[in-house]
Amino acid sequence: MPLESSARALKLNSNPCSSVVKILSLTFLALPLFLSAASPTPDWAKDVVWYQIFPERFANGDPSNDPTRASLDNPERVTAEWTVMDWESEWFERADWEQAMGGDFQSTLQHRRYGGDLQGVIDKLDYLKALGVTGIYFNPIFYANSLHKYDGNSFHHIDPHFGPDPEGDLALIAGESSNPRSWQWTAADKLFLKLLQEAKVRGIRVIIDGVWNHTGRDFFAFADIRTHFQKSRYARWYDIIEFDDPRTARNEFDYHGWYGFKSLPEFSNDPSGNNLAPGPKRYVFNASKRWMDPNGDGDPSDGIDGWRLDVAEEVPDGFWREWHAYIREINPDVFTSAEIWGPSADYLERTHFSSAMNYRGFAIPVKGWLIDGSITASDFAERLQAERDARSQEAALILQNLVDSHDTQRVASAIRNRNSWDRYKNADWFDYDDGERVYARTPGYDNGPPTAEGRRIWKMLALFQATYIGAPMIYYGTEVGMWSADDPEDRMPTWWHRMDGSIHDTYQTVLQLRHKHPALRRGDLTVLATRDDAQVFAFERRLNGERLVIVLNRGSGDATLGADYLDGLTLIYATDPAATSQRIPKLSGAVFGID
């Protein structure tokens, strides 16, 4: 879908916002912004096919900016022989520097870097467009030393090693403060703005990860506290347990970290507990505006299209309502998605998020029926319906329907391991992300690819993801045939050198099918049949005069059709070419309509 901003040239001067920066005052932040009338469900989000990118592992477009040993978190713990990994090296083989460090295989994985960067994404935009992608979700791209970058050093700068001039960027950053008037536009920042422009020209929206609950220890505000303690101007930004007492030899400094991790110090809340403290809140508002309207002219078409918010439930509801009202003043069509693993409908309504990562209403039921085959088609239908019925049709149409992500095993490995254990530890979740059932080193876990039968399930799953209500979200590399256990294996570099043509073609075909038929993006959904004996699930998508019927056969034998719901329709796509209007082969799916 072409975007109105495609023809607008970005103003990439040294500081696009310099003439328009307005520091948000505490008085302004206290206003009842949640009364904004902007819709939380932007219309454009109904048509999106999302593609999640973990930047360091997607593509290396500029080897000159590759990470250095000094850029790592805790470089003193890494041997001087450290080097960037060969992109096409075998994951389970240790590099020379890893062998020199000793320890086991797991001990050096977090020190690995492969050099993925923003230029690599720009180089692959045409590939993504051809695949059928119309929206990119970036895992954190802000400045941080870690691999995952959920421990940011800054929220107003792109990581220097994602751009063309890391040393120059670091020099600019060193002279800044929390005051937006001091913020420069680094080379990495400018390259990200170029990426936005290039994506928009191709009809691709972009949202980025925001982490408003915690930072890293090297975040500028926390770094100042570590030096000046209670005398720091940022002393009230964080949830401090105790400052150091200079009269004692012991360092008593202590603070709350996310889930107890001291590498992730948490922002403090205000006295009411229903909002962030004024300091971090003001900073987050300013950083949000910077990326949503980079040149500050009041036209957000040069900025990002939205946000995915990490650990959303651990940030006060009052903050989210106020923040949403503020960003919808900047861009009424902004899209926001909350990381929610459980039921999300009530939470979205309470906090004014647009959407959520649909684990509960999509990924988990898919694991139980399509992947594992451990529940009946009727049970599958009921689980899906429970989440649909909890929200409006408008809200359901823009939920992010994922199966795998940076926090889970890949879908191919879930399929491979569907029979690895006799019983579930957590039957309600089908062990979807159970720690002992998704890791490469768990006894009994199979690190190999799906069998031929598993590949049939994989293709059927891709079809369902493209035809069910809500927006498909593909994790980078799934479409090229990647398999892996959970973190860290799920963050391997993309297998560009060993693409699975059959799997790629399936994803490309079903995503293009979704784009071709508006009913698959915006239509009503009605379940037509659940045949538990044969494990057949059939549903309809209907919009205006268009009607499509999707039939999935999760059974171990061919399924005979003949129901009247196919009257007047013809077969327009099937994951198995042997499918007809009378018979669907085992472990396959088909779409019927008037093509």
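For the structure, check the block above.
Cut-offs used in this document
- Residues numbered from 1 in each chain as written.
- Predicted model: local features only at pLDDT ≥ 70, side-chain atom pairs only at ≥ 80, totals over all residues.
- Heavy atoms only, no water.
- Helix = DSSP H or I, 4+ residues; strand = E, 2+ residues; numbered from the N terminus.
- Buried < 20%, exposed > 50% of the residue type's maximum accessible area, 1.4 Å probe, protein only.
- Contact = heavy atoms within 4.5 Å.
- Areas by Shrake-Rupley, 256 points an atom, 1.4 Å probe, with all protein chains shown as cover.
- Lys, Arg positive; Asp, Glu negative; His and termini not counted.
- Charge placed at Lys NZ, Arg CZ, Asp CG, Glu CD.
- Arc of directions from axis to C-beta.
- Pairing = 2+ DSSP bridges.
- Axes fitted to C-alpha atoms, helices over the stretch in contact; angles between N-to-C directions.
- Salt bridge = Lys/Arg side-chain N within 4 Å of Asp/Glu carboxyl O.

When helices and strands are tallied, the chain shows 17 helices and 17 strands. Expressed as lengths along the three principal axes of its C-alpha atoms, the size of the chain is roughly 80 × 60 × 45 Å. Each of the 595 residues in the chain was classed as buried or not, and the buried ones make up 61%. Contacts in the chain between residues far apart in sequence, at least 24 positions, make up 69% of those at least 6 positions apart. Accessible surface computed for the chain: about 22500 Å², of which carbon and sulfur atoms make up 48%. Here the chain carries 63 positive and 86 negative side-chain charges, and the mean point of each set is 2 Å from the other.

Attention now goes to helix H7 (residues 220-228). Two residues of an α-helix separated by three or four positions point the same way, owing to the 3.6 residues in each turn. For H7, the complete set of buried residues consists of Ala221, Phe222 and Ile225. End-on view of H7: buried residues confined to an arc of 95 degrees, all on one side of the axis. Close packing links the buried residues of H7 with strand S5 (254-255). Phe229, located one to two residues past H7, shows a positive phi value of around 50 degrees.

On to the sheet that holds strand S12 (residues 536-543). Spatially, 5 strands are ordered S11-S12-S13-S17-S15 in an open sheet, and the strand pairing comes out antiparallel. If you trace the sheet from one side to the other, it starts and ends with strand S11 (524-531) and strand S15 (570-574), each paired once. Each strand of the sheet is rotated relative to its neighbour by a mean of 20 degrees, with strand direction disregarded. Summarising the sheet, S11 and S12 pair through 7 bridges and their orientation is antiparallel. Paired with Thr530 across the strands is Phe537, a residue of S12. The strands touched by helix H16 (residues 501-516) are S15 and strand S17 (588-593); relative to S15, the strand with the most contacts, the crossing angle is about 135 degrees.

Here strand S3 (residues 205-210) lies mainly inside the structure; 6 of its 6 residues are buried. Where strand S2 (residues 135-138) and S3 come together, 4 bridges link them in parallel fashion. Note on S3: the bridge partner recorded for Phe138 is Ile208. Across 4 bridges, S3 lies against strand S6 (residues 306-309) in parallel orientation. In the strand pairing of S6, Ile207 is matched with Gly306.

Turning to the pattern of salt bridges, a few remarks are in order. Oppositely charged side chains are able to pair whenever their charged atoms sit close together. With the rule as written, the count across this model stands at 40 salt bridges. Salt-bridge contacts for Asp126 lead to Arg202; the nearest nitrogen and oxygen are separated by 2.6 Å. Taken together, the residues span a long stretch of sequence, with Asp126 in helix H4 (residues 125-131) and Arg202 in the loop between helix H6 (187-201) and S3 at a distance of 76 residues. For Glu339, the salt bridge identified is with Arg308, shortest N-O distance 3.6 Å. Remark: Arg308 occurs in strand S6 and Glu339 occurs in the loop between strand S7 (335-338) and helix H10 (345-351); sequence separation between them is 31 residues.

Take the sheet that holds S3 next. On the basis of which strands lie adjacent, the open sheet formed by 8 strands has the order S8-S7-S6-S3-S2-S1-S10-S9 and parallel pairing. Bordering the open sheet on either side are strand S8 (355-356) and strand S9 (400-402), each of which pairs with just one other strand. Judged from the 4 bridges that link them, S6 and S7 form a sheet pairing that is parallel. Opposite Gly306, over in S7, you have Phe335 as the bridge partner.

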